[in-house]
Amino acid sequence: MILVSNLKKEYNGVPVVDIPMLNVEKGVRFGIVGNNGAGKTTFFRILLDLVSPTTGEINIKGQNVRGNDEWKRYVGSFLDEGFLISYLTPDEYFSFIGKLHGYGAEDQKIFLSPFEEFFNGEIIGTKKYIRDLSKGNLKKVGIVAALVSQPEVVVLDEPFENLDPTSQIRLKEIIVREYKARNTTFLISSHDLNHVTEICNRIVLMEKGKVIRDMNGGQQALIELDAYFNI
């Protein structure tokens, strides 16, 4: 599904991403963990063609993401608030994104209905501008907007950050229960080891731009990662 080959990104001669080879299969919930500066977000930005690599490439379904728009039809993503349109309300934003993908008003309503509990009555119909939402609600809008196109691949950077505990649980249920049946591939970076090991069935640990461990998710991964970060 996703193939990384000889990928390197350098700033002033210093490598921040250095991944010779990495393959992510379809339907995998793929977690990336590491301390600040490990290269997680830079890797995602290269994957989404927001940053050009120094060398190497990333292919999605056999297509190089660099300078090619075809892959954007089946990839959804949310990295930060820059992905949102701050002067719209959430309703207007979802309508705008929906229309890009051929949604009518009824289609949009049907799409948003499974997220009512996740939104907790604080987003749809509130008439607040996106710029006035809390950090947690901004995150919710961005995550759900990334799913509008019914993508085959979803890329989320720190999706649990700023969410309250109830919303974190609901997000995990959405990712695992709602999208497992669709065989959706998720790439998720997170500092929260508990969440990422619980929902991801494959996890890589990055340090200084390199993948230094590649493991299955679950309790054993949590034990190994706890031991690693407590050194």
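It should be noted that the structure appears before, not after, this text.
Our subject in this report is the structure included herewith.

Judged by pairing direction, the sheet is antiparallel, and its four strands sit side by side in the order β2-β1-β4-β5 without closing on themselves. Each end of this open sheet is capped by a strand with a single partner; those strands are β2 (14-24) and β5 (63-64). Across five bridges, strand β1 (residues 2-11) lies against strand β4 (residues 55-60) in antiparallel orientation. For Ile2, the partnering residue across the bridge sits in β4 and is Ile60. Against the sheet, helix α1 (residues 40-47) contacts β1, β2 and β4, and its axis sits at roughly 120° relative to β1.

Neither face of strand β6 (residues 75-78) is exposed, since Val75 and Ser77 on one face and Gly76 and Phe78 on the opposite face are all buried. Examined bridge by bridge, β6 and strand β7 (residues 153-157) share four bridges and lie parallel to one another. Looking across to β7, one finds that Gly76 is bridged to Val154.

This paragraph deals with the side chain of Ser190. Mapped onto the elements, Ser190 comes out in the loop between β8 (185-189) and α7 (193-199). Side-chain polar atoms of Ser190 contact the backbone nitrogen of Asp192, separated by 2.9 Å. If we skip the residues at most four places from it in the chain, Ser190 touches Ile32, Val33, Glu158, Phe160 and Val196.

Before going further, it helps to examine the packing of helix α2 (residues 90-100) against helix α5 (residues 135-145). As a packed pair, α2 and α5 sit with axes 11 Å apart at the nearest point and diverge in direction by 15°. When the interaxial angle is binned, α2 and α5 end up roughly parallel. Crossing hand, α2 versus α5: right-handed. Touching Pro90, Tyr93, Phe94 and Ile97 of α2 are Val141, Val144 and Ala145, all from α5. Along the lines of polarity and charge, the residues of the contact of α2 with α5 split into seven nonpolar, no polar and no charged.

What the six strands build is an open sheet, ordered β6-β7-β8-β3-β9-β10; its pairing is mixed. Among the strands making up the open sheet, the edge pair consists of β6 and β10 (210-216). Direction aside, the axes of adjacent strands within the sheet are offset by 15° on average. Strand direction decides the pairing type here: strand β3 (residues 29-33) and β8, joined by four bridges, are parallel. Looking at the pairing, Ile32 lines up with Ser189 of β8. Strands in contact with helix α8 (residues 219-229) are β3, β9 (202-207) and β10; relative to β10, the strand with the most contacts, it is inclined by about 150°.

Quick look at α2 now. Among the residues of α2, Pro90, Tyr93, Phe94, Ile97 and Gly98 are the ones counted as buried. Viewed along the axis of α2, the buried residues span an arc of 130°, placing them on a single side of the element. Those residues of α2 that are buried are in contact with α3 (105-112), α4 (116-119) and α5. A positive phi of about 80° marks Gly102, the residue just after α2.

Along the chain, Ser167 falls in helix α6 (residues 165-180). For Ser167, a relative accessible area of 2% translates into the label buried. Residues Ser167 and Lys140 lie 27 residues apart in sequence; the distance between their C-alpha atoms is 8.8 Å. With residues up to four places along the chain from it excluded, the contact list for Ser167 reads Phe118 and Lys140. Polar contacts involving the side chain of Ser167 include one to the side chain of Lys140, which spans 2.9 Å.

Conventions we followed
Residues numbered from 1 in each chain as written. Predicted model: local features only at pLDDT ≥ 70, side-chain atom pairs only at ≥ 80, totals over all residues. Heavy atoms only, no water. Pairing = 2+ DSSP bridges. Helix = DSSP H or I, 4+ residues; strand = E, 2+ residues; numbered from the N terminus. Contact = heavy atoms within 4.5 Å. Axes fitted to C-alpha atoms, helices over the stretch in contact; angles between N-to-C directions. Buried < 20%, exposed > 50% of the residue type's maximum accessible area, 1.4 Å probe, protein only. Polar contact = N/O pair within 3.5 Å; in protein donor to acceptor, adjacent residues only side chain to side chain. Parallel < 35°, antiparallel > 145°, perpendicular 65-115°, else oblique. Left-handed = near helix turned anticlockwise from the far one by under 90°. Nonpolar A, V, L, I, M, F, W, Y, C, P; charged D, E, K, R; others polar. Arc of directions from axis to C-beta.

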